[in-house]
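Analysis of the macromolecular model
Given next are the chains, with one letter for each unit.
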Amino acid sequence: MERLIAIRPLAADDLDAVLQIQAQCPEIVAWSRASYAPVVRGEYPGWVAAADSRVLGFVVSRKTAEEAEILNLAVLPEARRQGIGSRLLVQVLEEARQAGARRVWLEVRASNAAAIRFYERHGFRLRGLRRDYYSNPREDALLYCCELVQSPQGK
Ligand SMILES: CC(C)(COP(=O)(O)OP(=O)(O)OC[C@H]1O[C@@H](n2cnc3c(N)ncnc32)[C@H](O)[C@@H]1OP(=O)(O)O)[C@@H](O)C(=O)NCCC(=O)NCCS
């Protein structure tokens, strides 16, 4: 049976689940619980995907002037390839567009082929490389950007 998956703002009650997802995703930089305080306060956009109140994935982003950045995005390993990451990504891209952002940036580990395929599928293009950006293990970051199309009315 198909599960109903809701996308909703990341709240303080979600942090245990978000930290557990992080612990299963060595591809991303794990944030401390305290780092999520601005997200929970609504200062940074953050969203979770939940089915039957179980959190399956999350995304955190940040908007600055005419640009936005995806800071972290992850889906539980057993819940991947079901469109959950896409729904979270579309949510933040649309939110950024409506807030007036013209492009969205992100960094991804050079070896993270799944995420690279995922972001390219969603219109992100390679724009640069940050050498030795990641530690544990040390690795280059690829810098990706997605140009957003603003409607003439800015909506
Ligand atoms: C990247 C990630 C968020 C994708 O989440 P997801 O829910 O599996 O993504 P979706 O189901 O929406 O996938 C959409 C499309 O992206 C591409 N894609 C996703 N995972 C892929 C993989 N492992 N291999 C190849 N293509 C992949 C496919 O084109 C897929 O469409 P399809 O399933 O119809 O072929 C997930 O793999 C993840 O959490 N990875 C670990 C954390 C991470 O790397 N985050 C990004 C760091 S910047």
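Up top you'll find the structure we're talking about.
So, a few notes on the structure that sits alongside this text. (Residues numbered from 1 in each chain as written. Predicted model: local features only at pLDDT ≥ 70, side-chain atom pairs only at ≥ 80, totals over all residues.)

Details of the overall build of the chain
Along the backbone of the chain there are four helices and seven strands. Each helix and strand of the chain, placed in order from N terminus to C terminus, yields the pattern β-α-α-β-β-β-α-β-α-β-β. Compactness check: the chain gives a C-alpha radius of gyration of 15 Å against a globular reference of 15 Å for 155 residues, within 12% of the reference. If you line up the chain on its principal axes, its C-alpha atoms span 45 × 35 × 35 Å. In the chain, which comprises 155 residues, the share counted as buried stands at 28%. By sequence separation, contacts in the chain at least 24 residues apart represent 60% of the contacts at least 6 residues apart. (Helix = DSSP H or I, 4+ residues; strand = E, 2+ residues; numbered from the N terminus. Rg over C-alpha atoms; globule rule 2.2 N^0.38 Å. Buried ≥ 20, exposed ≤ 12 C-beta atoms within 10 Å, placed from the backbone. Contact = placed C-beta atoms within 7 Å.)

Things to note about the sheet that holds strand S2 (residues 46–51)
Note on sheets: strands pair through backbone hydrogen bonds, and any given pair is parallel or antiparallel. Ordered in space as S1-S2-S3-S4-S5-S7-S6, the seven strands form an open sheet in which the pairing is mixed. On the outer flanks of this sheet lie strand S1 (5–9) and strand S6 (125–134), each paired with one strand and no other. When strand polarity is set aside, the average angle formed by the axes of neighbouring strands in this sheet is 25 degrees. The sheet contact formed by strand S3 (residues 54–64) and strand S4 (residues 67–75) spans eight bridges and is antiparallel. For Thr64, the partnering residue across the bridge sits in S4 and is Glu67. The strands touched by helix H1 (residues 15–23) within the sheet are S3 and S4, with S3 carrying the most contacts at an inclination of about 90 degrees. (Pairing = 2+ DSSP bridges. Axes fitted to C-alpha atoms, helices over the stretch in contact; angles between N-to-C directions.)

Let's talk about the site of the ligand
Around the ligand, the structure places 21 residues, and the nearest of them are Arg80, Gly85, Ser86, Ala114 and Arg117. If you list the elements that add at least two residues to the shell around the ligand, you get S4, helix H3 (84–98), strand S5 (103–109) and helix H4 (113–121). With five residues, the top contributor of residues to the shell around the ligand is H4. For the shell around the ligand, the per-class residue count stands at 11 nonpolar, five polar and five charged. (Near = placed C-beta within 6 Å. Nonpolar A, V, L, I, M, F, W, Y, C, P; charged D, E, K, R; others polar.)

Here's the deal with the nonpolar core
In this structure, Phe58, Val59, Leu88, Val92 and Val104 are the most contacted members of the largest nonpolar core, which totals 36 residues. If you list the elements that add at least two residues to this core, you get H1, S2, S3, S4, H3, S5, H4 and strand S7 (139–147). Every residue in contact with Phe58, bar those within four places of it in the chain, is listed here: Leu10, Val18, Ile21, Gly46, Trp47, Val48 and Ala74. (Core = buried A, V, L, I, M, F, W, Y, C linked by C-beta atoms within 7 Å.)

Structural notes on the environment of Arg102
Along the chain, Arg102 turns up in the loop between H3 and S5. Residues Arg102 and Glu139, 37 residues apart in the sequence, show an inter-C-alpha distance of 29 Å.

Topic: the pairing of S7
One ladder, built from seven bridges, connects S5 with S7; its direction is antiparallel. Pairing of Trp105 across the sheet is with Cys145, part of S7. The turn joining S6 and S7, which pair antiparallel and follow one another in sequence, is formed by four residues; a positive phi near 50 degrees is taken by Asn136.

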